[in-house]
Amino acid sequence: MSSRFRELAYHRTPLGELTLRRRVDPGTGEEIHEVKLGDEFLMSSLFTVAEVELARLALAGLPGASLDVAVGGLGLGYTAQTVLEDPRVSSLVVVDALGEVIDWHRQGLVPGGEALAADPRCRLVHGDLFAMLRSGRGFDPELPGRTFDAIVVDIDHSPRHLLHPDNADFYAPEGVRRLAELLRPDGIFALWSNDPPETEYADTLATAFTDVRAEVVRFPNRLQGTDSTNTVYLARRP
């Protein structure tokens, strides 16, 4: 294998073949970490602007101090790391369906992973966020029904482009209602999407939330030599 390209981890999972790899950009010498699930690229350290903005926008809408936050989807850790950079955050629960991804962080296979896993405010939970919501027990196995000041989710590609069809109820009115019940009054729900804003999903959020909006995040795409966009949905529990 080329010295510019190295497979750091490979796993067979219920969702498909999961690969973590590192490559070196021949032009800049920058190390780039990439995650693939089957034939699909899930994430890359080359594109982290929207993951950072997802956390920043969610927390920017919250007053006060001593915030409790839940993040759905660990990935390469950029969203969770940004949450912990806010000094007001007193606790963070990060839920990921793939225990292998959690192990990557604990083993230091991804940048900042060991620091994230070692932060005393942060707890990494192996679990299916969608099933946990459906169960009514919430996102903290140690405190069933626990509520949060912010719930931040980056798992599916978008409300329409799902990693698994079972996730669909999360984006339906009943799933939105269950989600709102896990937020404290004035709490914020934030969702990352790879697609442009969808009026239908925003209308669904409005059945249980107020101040619903979709923020378009623009960032340079160095691979294509142009700009790309992601969407961050934001909604507040009344």
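Use the structure listed above.
Residues numbered from 1 in each chain as written. Predicted model: local features only at pLDDT ≥ 70, side-chain atom pairs only at ≥ 80, totals over all residues. Heavy atoms only, no water.

So, on to the overall build of the protein. Across its full length, the protein carries seven helices and eleven strands. Relative to the 2.2 N^0.38 estimate, which gives 18 Å for 238 residues, the radius of gyration of the protein is 17 Å and therefore close to what a compact globule would have. Scored against the burial criterion, the 238 residues of the protein give a buried share of 49%. Long-range contacts, defined here as pairs at least 24 residues apart, represent 61% of the contacts in the protein between residues at least 6 apart. Just so you have it, the protein exposes about 11,100 Å², and 49% of that area is on carbon and sulfur atoms. The distance from the centre of the 24 positive side-chain charges to the centre of the 36 negative ones in the protein is 2 Å. (Helix = DSSP H or I, 4+ residues; strand = E, 2+ residues; numbered from the N terminus. Rg over C-alpha atoms; globule rule 2.2 N^0.38 Å. Buried < 20%, exposed > 50% of the residue type's maximum accessible area, 1.4 Å probe, protein only. Contact = heavy atoms within 4.5 Å. Areas by Shrake-Rupley, 256 points an atom, 1.4 Å probe, with all protein chains shown as cover. Lys, Arg positive; Asp, Glu negative; His and termini not counted. Charge placed at Lys NZ, Arg CZ, Asp CG, Glu CD.)

Below, the discussion takes up the pattern of salt bridges. With the rule as written, the count across this model stands at 21 salt bridges. A salt bridge links Arg 184 to Asp 149; its shortest N-O distance comes to 2.9 Å. In this pair, Arg 184 sits in strand 9 (residues 183-193) while Asp 149 sits in strand 8 (residues 148-153), placing the two residues 35 residues apart along the sequence. Overlapping salt bridges, with partners in common, bring together Asp 68, Arg 123, Asp 140, Glu 142, Arg 146, Asp 149 and Arg 184 in one network. (Salt bridge = Lys/Arg side-chain N within 4 Å of Asp/Glu carboxyl O.)

For the rest of this paragraph, the subject is the side chain of Thr 13. Note on placement: Thr 13 falls in strand 1 (residues 5-13). Apart from the residues within four sequence positions on either side, Thr 13 is in contact with Leu 18, Leu 37, Leu 98 and Glu 100.

Glancing now at the pairing of strand 5 (residues 67-72). Note on strand geometry: in a regular strand, side chains alternate between the two faces of the sheet. Counting buried positions along strand 5 gives six out of six residues, so the element sits mostly inside the fold. Residue alternation in strand 5 divides its side chains into two sets, Leu 67, Val 69 and Val 71 and Asp 68, Ala 70 and Gly 72, and both sets are buried. Note: strand 5 against strand 6 (residues 89-96), six bridges, orientation parallel. From the neighbouring strand, Ala 70 faces strand 6, where its bridge partner is Val 93. One crossover worth recording links strand 5 to the parallel strand 6 by way of helix 2 (residues 78-85), and it is right-handed. With four bridges joining them, strand 5 and strand 8 adopt parallel strand pairing. Residue Gly 72 lies in a different strand from strand 8, and its bridge partner there is Val 153. (Pairing = 2+ DSSP bridges. Right-handed = clockwise from strand over helix to strand, strands pointing away.)

For Ser 66, which is not glycine, the phi dihedral falls at a positive 55°. In this structure, Ser 66 sits in the loop between helix 1 (49-60) and strand 5. Even without a glycine there, the phi angle at Asp 186 is positive, about 75°.

Here we take up helix 3 (residues 99-106). Buried residues of helix 3: Gly 99, Val 101, Ile 102, Trp 104 and His 105, and no others. In this fold, the buried residues of helix 3 make contact with strand 1, strand 2 (16-24), strand 3 (31-37), strand 6, helix 4 (113-118) and strand 7 (122-126). Downstream of helix 3 by a residue or two, Gly 108 has a phi angle that is positive, lying close to 75°.

Within the open sheet, the seven strands sit side by side as 7-6-5-8-9-11-10. Their pairing is mixed. A strand with exactly one partner marks an edge of an open sheet, and here the two such strands are strand 7 and strand 10 (210-221). Each adjacent strand pair in this sheet contributes to an overall mean axis angle of 15°, direction not counted. Strand direction decides the pairing type here: strand 6 and strand 7, joined by five bridges, are parallel. Following the sheet pairing, Asp 96 is matched in strand 7 by His 126. Strands in contact with helix 2 are strand 5, strand 6, strand 7 and strand 8; relative to strand 6, the strand with the most contacts, it is inclined by about 170°. Of the strands in this sheet, strand 6 and strand 7 are in contact with helix 3, which crosses strand 7 at around 150°. (Axes fitted to C-alpha atoms, helices over the stretch in contact; angles between N-to-C directions.)

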